[in-house]
Amino acid sequence: IILNVIPAERGAMLLVDSDTGLRNVCAMDRRSKSSEAFPISRAVARQALEDRTSLLVEDAMTDEGFVATESIAVPLAVLDRAVGLIYLDNTVSAAFQDDHLQMLSAIASPAAIAIENALHLEWLENELRRETDRSTNLVGDSPAMQRLNAMIARVAPTAATVLLEGESGTGKELAARAIHQLSP
């Protein structure tokens, strides 16, 4: 949608990745109709992220291996933390105006909040999945069940062989499954 309003030849949304720096989550090249990632001006991106400032750079060709003459870089920031960057560029001089920079900056704030919420939801789902994998799925909080859960938690991470004995229908299979789930 942004490329329909702002006369950029290429656009990308990048997210900050603690391992690799920036990772491209979506890109569009208007000329080739490609959605493949493309090289960006790392200097422009770094400055926008570090300063948390929207930039309109008219001579971006100073970056090695970079072909665009104009770039817009707008950080996606929530509070004092940058979560990503919207990046547009052009090989045509003077295609971008201050109005384009202001419009993209206005779009970036709610987009950053939505991205932060999506990342947080993904983290919560992973935590829930991890906690669910660690739980025994045994119901009850009586002292006997607490002892059973403590014993399962104690033996599951070891290489010990466990023999479960008991009457039919007492939950031996559930206990065995819990030990298996909690084992490495």
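Data block above holds the structure.
Residues numbered from 1 in each chain as written. Predicted model: local features only at pLDDT ≥ 70, side-chain atom pairs only at ≥ 80, totals over all residues. Heavy atoms only, no water.

A.B. asks: Give a description of the overall build of the protein that names residues and reports values.
C.D. replies: Of regular secondary structure, the protein possesses five helices and five strands. Listing every helix and strand of the protein by position from the N terminus yields α-β-β-α-β-β-β-α-α-α. Relative to the 2.2 N^0.38 estimate, which gives 16 Å for 184 residues, the radius of gyration of the protein is 26 Å and therefore markedly larger than a compact globule would have. Considering only C-alpha atoms, the protein reaches an extent of 80 × 30 × 30 Å along its principal axes. Expressed as a percentage of the 184 residues in the protein, the buried residues total 32%. Considering only contacts within the protein whose residues lie at least 6 apart along the sequence, 51% involve residues at least 24 apart. Total accessible area computed for the protein in this model is approximately 11,700 Å², and 55% of it derives from carbon and sulfur atoms. In the protein, the 16 positive side-chain charges and the 26 negative ones have mean positions that sit 8 Å from each other. (Helix = DSSP H or I, 4+ residues; strand = E, 2+ residues; numbered from the N terminus. Rg over C-alpha atoms; globule rule 2.2 N^0.38 Å. Buried < 20%, exposed > 50% of the residue type's maximum accessible area, 1.4 Å probe, protein only. Contact = heavy atoms within 4.5 Å. Areas by Shrake-Rupley, 256 points an atom, 1.4 Å probe, with all protein chains shown as cover. Lys, Arg positive; Asp, Glu negative; His and termini not counted. Charge placed at Lys NZ, Arg CZ, Asp CG, Glu CD.)

A.B. asks: Go over the layout of surface pockets, please, and point to the residues and values.
C.D. replies: The volume enclosed by the largest pocket comes to roughly 270 Å³. In terms of lining residues, the largest pocket is bounded by 18 residues, among which L148, I152, L164, G171 and A175 are the most central. Put simply, the parts of the chain that give the lining of the largest pocket at least two residues each are α4 (143-155) and α5 (172-182). For the lining of the largest pocket, the element with the most residues is α4, which contributes five residues. Residues that form the lining of the largest pocket fall into these classes: 13 nonpolar, three polar and two charged. As a volume, the second largest pocket reaches approximately 220 Å³. Contributing elements (two or more residues each) for the lining of the second largest pocket: α1 (2-5), β1 (10-17), β2 (21-29) and β5 (81-90). Its residues assigned to classes, the lining of the second largest pocket comprises 11 nonpolar, two polar and no charged. (1 Å grid on protein atoms, 1.4 Å probe; cavity = no way out; pocket = protein on both sides within 12 Å on 5 of 7 lines; lining within 4 Å. Points joined across faces, edges and corners; volume = space filled by probe spheres on them. Nonpolar A, V, L, I, M, F, W, Y, C, P; charged D, E, K, R; others polar.)

A.B. asks: Give me the pairing of strand β4 (residues 70-78): which residues, what numbers.
C.D. replies: The element β4 is extensively covered by neighbouring structure, given that eight of its nine residues are classed as buried. Both strand β3 (residues 55-57) and β4 contribute to a ladder of three bridges, which runs antiparallel. By the bridge assignment for β4, L56 is matched with I72. With antiparallel pairing between neighbouring strands as the criterion, β4 and β5 make up a hairpin whose turn holds two residues, including L79 at a positive phi of roughly 55 degrees. (Pairing = 2+ DSSP bridges.)

A.B. asks: Lay out α5 in plain terms, naming residues and giving numbers.
C.D. replies: Burial in α5 covers these residues: A175, A178 and I179. The buried residues of α5 occupy one face: seen down the axis, they fall within an arc of 100 degrees. More than 90 degrees from the buried face of α5, the exposed residues found are E173 and H180. At its buried positions, α5 is contacted by α4. (Arc of directions from axis to C-beta.)

A.B. asks: I'd love a proper account of the nonpolar core, names of residues and values included.
C.D. replies: Formed by 17 residues in total, the largest nonpolar core has its most connected members in I72, V74, L76, L88, F96 and L104. Mapped by element, the contributors of at least two residues to this core are β4, β5 and α3 (98-134). Among the elements that make up this core, the one with the highest residue count is α3 (five residues). Setting aside residues up to four positions removed in sequence, L104 forms contacts with I2, I6, I72, V74, I86 and L88. Listed in part, the 15 residues of the second largest apolar core include A12, L22, A45 and Y87. (Core = buried A, V, L, I, M, F, W, Y, C linked by side-chain atoms within 4.5 Å.)

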